[in-house]
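Structural overview
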Amino acid sequence: MNSTGQPAWQDEVYDLLRANGFTQFAYVPDAGHKILINRAIADKEVHAVSLTTEEEGIGLLAGAALGGARGVMLIQSSGVGNCANLLSLVSLGRFPLLVLVSMRGDFGEGNPWQYPAGQSVEPILNIMGVTTIRADRSDEVVDIVSAAITQAYKGNCPTAVLLTQRLLGAKSF
Amino acid sequence: MNIDYVLDRRVVVPALIGDPQDFLFVTGLGGTSRDISHLTQDGPNLYALGGAMGASLSMGLGLALARPDRKVMVVTGDGELLMGVGTLATIAVMNPSNLSILCVDNGHYLETGGQITHTGRGTNLEVIARGCGIRQTAIVAEQGDVAAGAALLRDDTTASMVVVRVKPTEPPVFKRNMDATATHLRMRAYLASH
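Computed from a predicted model, the values in this text were never measured in an experiment. (Residues numbered from 1 in each chain as written. Chains lettered and ligands numbered in written order. Predicted model: local features only at pLDDT ≥ 70, side-chain atom pairs only at ≥ 80, totals over all residues.)

1. Thoughts on the interface of chain A and chain B
Each side of the interface is counted separately: chain A has 29 residues, and chain B has 28 residues. When residues of the side of chain A that touches chain B are traced back to their parent elements, those giving at least two are β2 (47-50), α3 (54-66) and α4 (87-93) of chain A. No other element matches the 10 residues that α3(A) contributes to the side of chain A that touches chain B. (Contact = placed C-beta atoms within 7 Å. Helix = DSSP H or I, 4+ residues; strand = E, 2+ residues; numbered from the N terminus.)

2. Remarks on the nonpolar core
In terms of nonpolar packing, the biggest core is built from 107 residues, with A:Leu89, A:Val101, A:Val161, B:Leu102 and B:Val164 touching the most fellow members. Setting aside residues no more than four positions away along its own chain, A:Val101 makes contact with A:Ile75, A:Ser77, A:Val80, A:Val121, A:Ala160, A:Val161, A:Leu162 and A:Leu163. (Core = buried A, V, L, I, M, F, W, Y, C linked by C-beta atoms within 7 Å. Buried ≥ 20, exposed ≤ 12 C-beta atoms within 10 Å, placed from the backbone.)

3. Points about helix α2 (residues 31-40) of chain B
Taking burial as the measure, the 10 residues of α2(B) include eight buried ones, the bulk of the element. Among the residues of α2(B), those classed as buried are B:Gly31, B:Thr32, B:Ser33, B:Arg34, B:Asp35, B:Ile36, B:Ser37 and B:Thr40.

4. Some details on the sheet that holds strand β5 (residues 131-135) of chain A
All names here are of chain A. Read from one edge to the other, the open sheet built from six strands follows the order β2-β1-β3-β4-β6-β5, with strand pairing classed as parallel. Looking at the sheet topology across the chains shown, the edges are occupied by β2 and β5. Pairwise comparison of adjacent strand axes, ignoring direction, gives a mean angle of 20° for this sheet. Strand direction decides the pairing type here: β5 and strand β6 (residues 159-163), joined by five bridges, are parallel. (Pairing = 2+ DSSP bridges. Axes fitted to C-alpha atoms, helices over the stretch in contact; angles between N-to-C directions.)

5. Thoughts on the packing of helix α1 (residues 9-17) of chain B against helix α7 (residues 146-153) of chain B
Residues and elements named next belong to chain B. For the pair α1 and α7, the least separation of the axes is 8 Å and the interaxial angle reads 50°. Judged by the inter-axis angle, α1 sits oblique to α7. Contacts between α1 and α7 involve Val12, Ala15, Leu16 and Ile17 from the first element and Val146, Gly149, Ala150 and Leu153 from the second. (Parallel < 35°, antiparallel > 145°, perpendicular 65-115°, else oblique.)

Limitation: the analysis is restricted to geometry and does not speak to function.
Written as structure tokens, this is what we have:
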């Protein structure tokens, strides 16, 4: 845990992304990504781009890649389906893609409305050409994101890391 | 609603842009891809969508943020822009001064049989852009508006948008490269030295 009571891996993931040259952080508001979002907003050397809908992030990161910049998208499981058609740009244009997905409708979920989209995250991403890696434990997140960066930006393999509810904790109501 | 737009896109779009070498272009997938591939002779400073409808504005934003030293212009139609009007708000919030948007508004989905779009039924994209917070906007509806529109597209103080109202007539005929990877790598290689 860090001084704010949040798991230290979130700060480590931010530092890892910065060390790997990421300068565009596209996000939707999300408790699971809170530290990453706040670090990006506070960081004068990067662009923190608040999205009105997730598919904007797919276009944004492709445009960043055209200009030689690296970007990451921070979204929720419920927004993955919004991206489906635009992922054709990623596969057809061989644009790099790194997405961190904060999962709902997953391990221990108590809100039935979260299941249809949550359980569809991997099939949608996989069928549109995005590889998925699930992160369940705080001691593996940094290694998984590091691997995902390599896959996305060296391996030319669009990659999403699913931050599961085993990792983030199911939301209590 | 009577649509009485008078300008010809084959004349007014080149007049608004001027020297195309001054811009990096991202275009929509329909008529605007032909407008700009004809104008640039499918040059390396163009990325034209062939699908992924609704992505041109966000791609232009990502490119403008990545290359603040270059002027980026998104050229897209009213139909494609209507699919992602929220991105106008995102652009207004980021407000990259090197990004301008040229919306070629003919009030029709010309590619799919000429169905009337929302703009042909009263939706005003220039008002929407202003409402989203885009600082500088203009409508070009007749020849006398062109000079001011051209100047706004080259303004480098804020993000801007020009809506040019054109007759629903065909864009130039041009056979462009439809390979999304080839055109991606083409622009990256161009930008490595420009």
